[in-house]
Amino acid sequence: MTDGRSRPAPRPPEGTPPPAELARQARAVLADAVRIARWAAGDRDPGAGPLDAATAERAAAALELTSDQVRAGWDRARLAGLVELHGTAVRPGWRLQAWDRDDSAVQRGWVALFDAWSLVHPAPEDVAASTVAEVVEAVPQVLSLLQLSAGPVLVPALLDLLRQRVAELHEERCEVPYGPQPAPVEPPAPEPPADDLLPPLLDWALEGLAAVGALTLGKGQATLTPLGNWAVWVKLEQICVAAQSPAGNIEQSAEHMLRGCARLTPGPARAEYRAWLAARTVGSAVTELLAVARGEDALLRGLAFEALRVVGAPAEAEVRAAATDSSLRPYALLWLAEYEGADPEDAAEVLTREESTWLWVDTAAAVADHGESELLVRHLDSAVQGNVPALLDEIRAVGHPRTVQVLVALAAAHPDPALAKAVRRAAFQVHTGGA
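Throughout, residues of each chain are indexed from 1 in the direction in which the sequence is written. For a predicted model such as this one, the threshold for reporting local features is a pLDDT of at least 70, and the threshold for listing and counting side-chain atom pairs is 80 or more; totals across whole chains, interfaces and linings nevertheless cover every residue. Here the side-chain values reflect all heavy atoms present in the structure, with hydrogen atoms and water set aside.

1. A word on the nonpolar core
Stated precisely, the cut-off is as follows: Grouping buried Ala, Val, Leu, Ile, Met, Phe, Trp, Tyr and Cys residues that are joined through side-chain atoms within 4.5 Å yields what is termed a nonpolar core. Three exposure classes are used, based on accessible area relative to the maximum for each residue type with a 1.4 Å probe and protein chains only: buried under 20%, partly exposed in between, and exposed over 50%. Working definition: helices are DSSP H or I runs of at least four residues, strands are E runs of at least two. Numbering for both runs from the N terminus.
Judged by nonpolar contacts, the single largest core of 63 residues is most densely connected at Leu-258, Leu-289, Phe-305, Leu-308 and Trp-360. Broken down by element, this core gets its largest block of residues, 9 residues, from helix H15 (residues 298-311). Counting residues in each nonpolar core, the second largest holds 62 residues, with Ala-80, Leu-82, Trp-99 and Phe-114 among its members.

2. Digging into the layout of surface pockets
For clarity, the threshold we go by: Only protein atoms enter the 1 Å grid used here, on which a cavity is any set of points holding a 1.4 Å probe that cannot leave and a pocket is any open set flanked by protein within 12 Å on both sides along at least five of seven lines; residues with an atom within 4 Å of a point are listed as lining. Grid points are joined across faces, edges and corners, and a volume is the space filled by probe spheres set on the points. Classification convention: Asp, Glu, Lys, Arg as charged; Ala, Val, Leu, Ile, Met, Phe, Trp, Tyr, Cys, Pro as nonpolar; all other residues, Gly among them, as polar.
Taken as a whole, the second largest pocket holds about 880 Å³ of empty space. Every residue lining the second largest pocket is counted, 30 residues in all, and those nearest its centre are Gly-302, Tyr-331, Thr-363, Ala-366 and Val-367. For the lining of the second largest pocket, the secondary-structure elements that each account for two or more residues are H15, helix H17 (329-339), helix H18 (353-370) and helix H19 (373-379). Among the elements that line the lining of the second largest pocket, the one with the most residues is H18, at 8 residues. Split into classes, the residues belonging to the lining of the second largest pocket amount to 17 nonpolar, 9 polar and 4 charged.

3. Considerations on unusual backbone geometry
Phi is positive for Glu-64, which is not a glycine, with a value near 60°. Structurally, Glu-64 can be placed in the loop between helix H3 (53-63) and helix H4 (67-79). Positive phi outside glycine occurs at Ala-150, with the angle close to 50°. Counting through the fold element by element, Ala-150 comes out in the loop between helix H8 (129-149) and strand S3 (153-154).

4. Quick word on the confidence of the model for the protein chain
Which entries qualify depends on this criterion: Scored between 0 and 100, pLDDT is the confidence that the predictor attaches to each residue. Here a residue-residue contact requires only that any non-hydrogen atoms of the pair lie within 4.5 Å.
Averaged over all residues, the pLDDT of the protein chain is 81; the fraction at 70 or higher stands at 85%. The model gives residues 1-10 a pLDDT under 50, and that stretch makes 18 contacts with residues more than four places away or in other chains. With pLDDT under 50 throughout, residues 175-181 is counted as low confidence; its partners more than four residues away or in other chains account for 0 contacts.

5. Describing the environment of Gln-252
As for its position among the elements, Gln-252 is in the loop between helix H11 (226-243) and helix H12 (254-261). Residue classification places Gln-252 among the partly exposed positions, given a relative accessible area of 32%. Distance from Gln-252 to Trp-276, taken between C-alpha atoms, is 8.2 Å for residues 24 residues apart in sequence. Once residues lying within four places of it in the same chain are set aside, the contact partners of Gln-252 are Met-257, Trp-276 and Arg-280.

6. What about the pattern of salt bridges?
Operational definition: Throughout this description, the term salt bridge denotes a Lys or Arg side-chain nitrogen within 4 Å of a carboxyl oxygen of Asp or Glu.
The tally for this structure, following the rule as stated, stands at 15 salt bridges. The closest approach of N and O atoms between Asp-100 and Arg-38, which form a salt bridge, is 2.9 Å. Placement of Asp-100 in the loop between helix H5 (94-98) and helix H6 (103-115) and of Arg-38 in helix H2 (residues 31-43) is noted, with a sequence separation of 62 residues between them. Look at Asp-100 and you get exposed, because its relative accessible area is 62%. Residue class for Arg-38 comes out partly exposed when judged on its relative accessible area of 38%.

7. Some remarks on the sheet that holds strand S4 (residues 215-218)
Selection criterion: Two strands pair if DSSP finds at least two bridges between them. To obtain each axis, a line is fitted to C-alpha atoms, and for helices this fit is confined to the stretch in contact; angles are then taken between N-to-C directions over 0 to 180 degrees.
A sheet is described by the order of its strands in space; here 3 strands give the open sequence S3-S5-S4, paired in antiparallel fashion. For this open sheet the edge positions go to S3 and S4, each flanked by a neighbour on one side alone. As judged from the 4 bridges shared by S4 and strand S5 (residues 221-224), these two strands associate in the antiparallel manner. Bridge pairing in S5 links Leu-217 to Ala-222. In the packing of helix H10 (residues 198-211) onto the sheet, the strands contacted are S4 and S5, and the crossing angle to S4 comes to about 125°.

8. Details of the packing of aromatic side chains
The geometry of an aromatic ring pair comes down to the distance between the two centres and the angle between the two planes. Heads up, the rule is: In this scheme Phe, Tyr and Trp rings, the latter by its six-membered ring, pair at centre separations within 6.5 Å, and the angle between planes marks the pair as stacked below 30 degrees, edge-to-face above 60, and tilted otherwise.
What the rule picks out here adds up to 4 aromatic pairs. Consider the rings of Trp-117 and Trp-204, whose centres lie 4.9 Å apart with planes at 50°: the pair is tilted. Linking Trp-117 in helix H7 (residues 117-120) with Trp-204 in helix H10, this pair joins segments that are 87 residues apart in sequence. Between the aromatic rings of Trp-335 and Tyr-339, the centroid separation amounts to 5.3 Å while the plane-to-plane angle is 20°, which identifies the pairing as stacked. Taken together, the residues span about one helical turn, with Trp-335 and Tyr-339 both in helix H17 at a distance of 4 residues. In this structure Tyr-339 comes out as buried when scored by relative accessible area, which is 14%.

Shown next, in the form of structure tokens:
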């Protein structure tokens, strides 16, 4: 729980290398990934798809690597944002273009890889996904102990902490049933306790973190690398920011957090998004935001994608998948256009006329539900059609579920009686299915 008082941000760990040295180390970790990404950008046809077996063999010969090294490097290049999937096409990412001149881009690329350690080093296939997820969720506490120790930590100590954190997660998720309960039945034979799986899963987690350059493994012990030490400090700093969340939304669900941000100006709202995100794993946060976006509240849909802009690269795959959902497609396409470097003012060019009209209606629904009538009238100026009759014709065609409500609200708000009458007529036609 937070008490609302300001807390000082943690200082960087003593001995943390300067940013230029951290970037040098990050470049070393991702060296093969950069080589493969550059080969793909220069040697292949523009827009070629992901590496197939034949292409991997060609890359291995050209770069003097094994096929396994090529595939591993390719996966890292994708996770670090060095290459990007656009449908079935692969293109160089902006981080690849900035790799030699922008240390901050390099560091962000490595942090993206660090956050994806469980994908770089897949979990054992014979372990339940729920158990693996608990371990992934508990790993930040393991990393915090490694950082606080400022040196090697014995694996048994890390295992004790992992067991404790997993037990806490079980307790936090425990639900006590209410009301009459059925008579107890003979329980099935118990499954092996999760604790029996924790030692090998801890080994898996440590190996995964070592694979991305966050720690080194010795005989029965683990030590954070300078990069890992810095990354954990960054995460702790984010949590400290979260603890200072002025609107107090850190412990709320995504829906309640977004509702709490609805009246904030963009700057404070982004601070709230960052605070809320810092207290969660990226995957669970993105899933929760997209679930809210699929709901009926158009305002929350737009705010969810604003929060996803703060997430950045780790949200790309799920946002790209969301573009297949008609209700999310315009938001997802705008998000992807801005992520790929388009100016926010020009991003709307990626939308078709129909998608732009659907987005106009959705935004109008948000204004009608949560804004003032003057805002709804001014929203007319943002329509791509340029005139009200054309807008009404195209609104009827897109089939937005809130079309009638939006038109009724607009008719009630507009000061021009003739225009209000035309809008009201359109609302009636949509409602009755007339032309």
